[in-house]
Every structure is written in structure tokens, then in C-alpha cells.
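Take a look at the letters that make up each chain.
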Amino acid sequence: MCLTAGAQDLGRYKGTMEVGMASMKMESANVLTFEWATSHGYCFKDRFYLGAGTGVQLAHGRAELAGLGGKGTLFSVPVFADTRFYITPTRVKPYIGVRGGYAWGDGKGGLFRPSLGLSVPISKRVAVNIGFTYQLQNERIEVEMRGLSTGISWVDTWLGNVSTGNQLLDSWLGGEKKHTVKLNEKVHSFSLNWGFEF
């Protein structure tokens, strides 16, 4: 819910704070994520919001990576531009929004995040938001792994040169030395978010 700035209607400050749970579909696993985000900017003509924000995403359940030496929980910090359009000027306002930006941390990469929701006022300047969100992220993950070792040097050397076409398997076969695997994945997630705007 936006409030206008008066006769000139130049806009007013607005902030949001929200939490959410998401089901994330990855090429290597399905995981559950917890999200927290805040955004701050200006609302114009009681209908259009433009701002920027940041947050925290915790993803847990990557059993495939955890079993090969990767982290079972991944931590990332997105930074994004935020837009929102309030569809009707009624008291309870449906809205559509889009966030776009980049995430740093265990899962680095650009993100695109459209949403659909409702803003319900509980006082003159505060409203409760509930929304559904889809997120697409091109995620780059670095996983530290220890390769397979047979104890026979020429066998380990041969295994290190084997190519199966699978990056994780090739890295695991690549000898006893610790090394880092870089994975590129397109990550799709759907979340339910709730919070406040003020």
C-alpha cells in the first residue's frame, strides 16, 4: 500500500520486509529454502513502487553434493532492483512485482523474480503482504571435493584422465588430491512470502 506525497504527488518513501519458504528445483537436487528480504524505495501516484533491496537465502537438502564433500546447506545474499505495480486503487490492493539482480555466496548468479500478491492495510501507514513468487537463477556453485584413490599411482593417474561426460563423476575419479568443482545450474523455485510494508 502506497501513500501519496501531497498535491505534487512526487512520491513517498516505502519499505518492505518479508520472509518466505521456497521449493527449489535444481539439476542435481530438490531443496527447501528459507528466505528473508528487505526493500526500500519510493511509491509514485499510489500505484507504482521502485526501489532496491537485499536479503538472505538458506538452502538445505543438497544430498547429492553433501555426499561428495559439498555443503549440505548453502548460503547466499541477493542484491536486487525491485518494482511493484498495485493493480487497483482499492483498500485491499492486488499487485504484481518483479525483482532482478545478482546473488553472492555459495550460489552466485543473476536472478529474475516475478511475483503476484495482496497488500492488506492494518493501519494508516502499515500493510500486511502475502504473495506467490517464482524465481529463476543462473547459479554458479563451487564445491570442494576429494577424489577417489586406489593407492596405486598409475591407476589413479588413469582414473584422473577418464572422461565420463559428468563433471561431478569425473572430479571424483580424478585422484586423491583435494580440488574445487564449479557447477553451473539453472535453478527454478516457487515460494510463499509474507511480511509488512510501511
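Note that this is a predicted model, so its numbers are computed, not measured.

Conventions we followed
For every chain, the first residue of the written sequence is number 1, and numbering continues from 1 along that sequence. In view of the model being predicted, local features appear only for residues whose pLDDT reaches at least 70, and side-chain atom pairs are presented and counted only at 80 or more, with totals across whole chains, interfaces and linings using the full set of residues. Remark: hydrogens and water are excluded; side-chain values derive from all non-hydrogen atoms of the structure. Centres within 6.5 Å are what make two rings of Phe, Tyr or Trp a pair, Trp counting through its six-membered ring; a difference in plane orientation under 30 degrees is then read as stacked, over 60 as edge-to-face, and the rest as tilted. Comment: elements are numbered from the N terminus, with helices defined as DSSP H or I runs of at least four residues and strands as E runs of at least two. To sit over a ring, a charge needs its Lys NZ or Arg CZ within 6 Å of the ring centre and within 35 degrees of the ring normal. In this description, strands pair whenever DSSP reports at least two bridges between them. Whenever Lys or Arg places a side-chain nitrogen within 4 Å of a carboxyl oxygen from Asp or Glu, that contact is recorded as a salt bridge. Think of it in three bands: with a 1.4 Å probe and only protein chains considered, a residue is buried below 20% of the maximum accessible area for its type, exposed above 50%, and partly exposed in between. Any two residues whose heavy atoms approach within 4.5 Å are treated as being in contact. Counting of polar contacts relies on pairs of N or O atoms within 3.5 Å, with two restrictions inside protein: one atom must be capable of donating a hydrogen and the other of accepting it, and residues adjacent in sequence are counted only when both atoms are side-chain atoms.

Chemist: Mind showing me how you'd approach the packing of aromatic side chains here?
Modeler: The relative placement of two aromatic rings is captured by the distance of their centres and the angle of their planes. Evaluation of the coordinates by the stated rule reveals four aromatic pairs. Between Y13 and F198 the ring centres are 6.4 Å apart and the planes differ by 45°, which places this aromatic pair in the tilted class. On the criterion of sequence distance, the pair formed by Y13 in strand β1 (residues 12-25) and F198 in the segment after β8 (178-197) is long-range, its members being 185 residues apart. If you follow K14 out to its NZ or CZ, it ends over the ring of Y49, 4.1 Å from the centre. The ring of Y86 carries the charged tip of K93 above its face, separated from the ring centre by 5.8 Å.

Chemist: When you look at the pairing of strand β5 (residues 93-105) in this model, what are you seeing that I'm missing?
Modeler: Regular strands have side chains that alternate between both faces of the sheet. Here strand β4 (residues 73-86) runs beside β5; their pairing, made up of eleven bridges, is antiparallel. By the bridge assignment for β5, R84 is matched with G97. The loop that links β4 with its antiparallel partner β5 comprises six residues. The sheet contact formed by β5 and strand β6 (residues 107-121) spans eleven bridges and is antiparallel. Each bridged residue has a counterpart across the sheet, and for G101 the counterpart in β6 is L111. Here β5 folds back onto β6, and the loop between the two strands holds one residue.

Chemist: Teacher, can you tell me more about the pattern of salt bridges here?
Modeler: Think of it this way: side chains of opposite charge can pair up when their charged atoms draw near. Overall, the coordinates contain six salt bridges when judged by the stated rule. When the shortest N-O distance is used, the salt bridge between R99 and E18 registers 3.1 Å. Of this pair, R99 sits in strand β5 while E18 sits in strand β1, and the two are 81 residues apart along the sequence. Taken individually, R99 and E18 each receive the classification buried, so the pair is uniform in this respect. Salt bridges sharing common partners tie together K14, R84 and E197.

Chemist: How should I be thinking about the environment of D82 in this particular structure?
Modeler: One can find D82 in strand β4. With 18 residues separating them in the primary sequence, D82 and G100 have C-alpha atoms 6.9 Å apart. The contacts of D82, once residues within four sequence positions are left out, are S39, Y49, L50, G51, A52, V98 and R99. Of the polar contacts made by the side chain of D82, one reaches the side chain of S39; its length is 2.9 Å.

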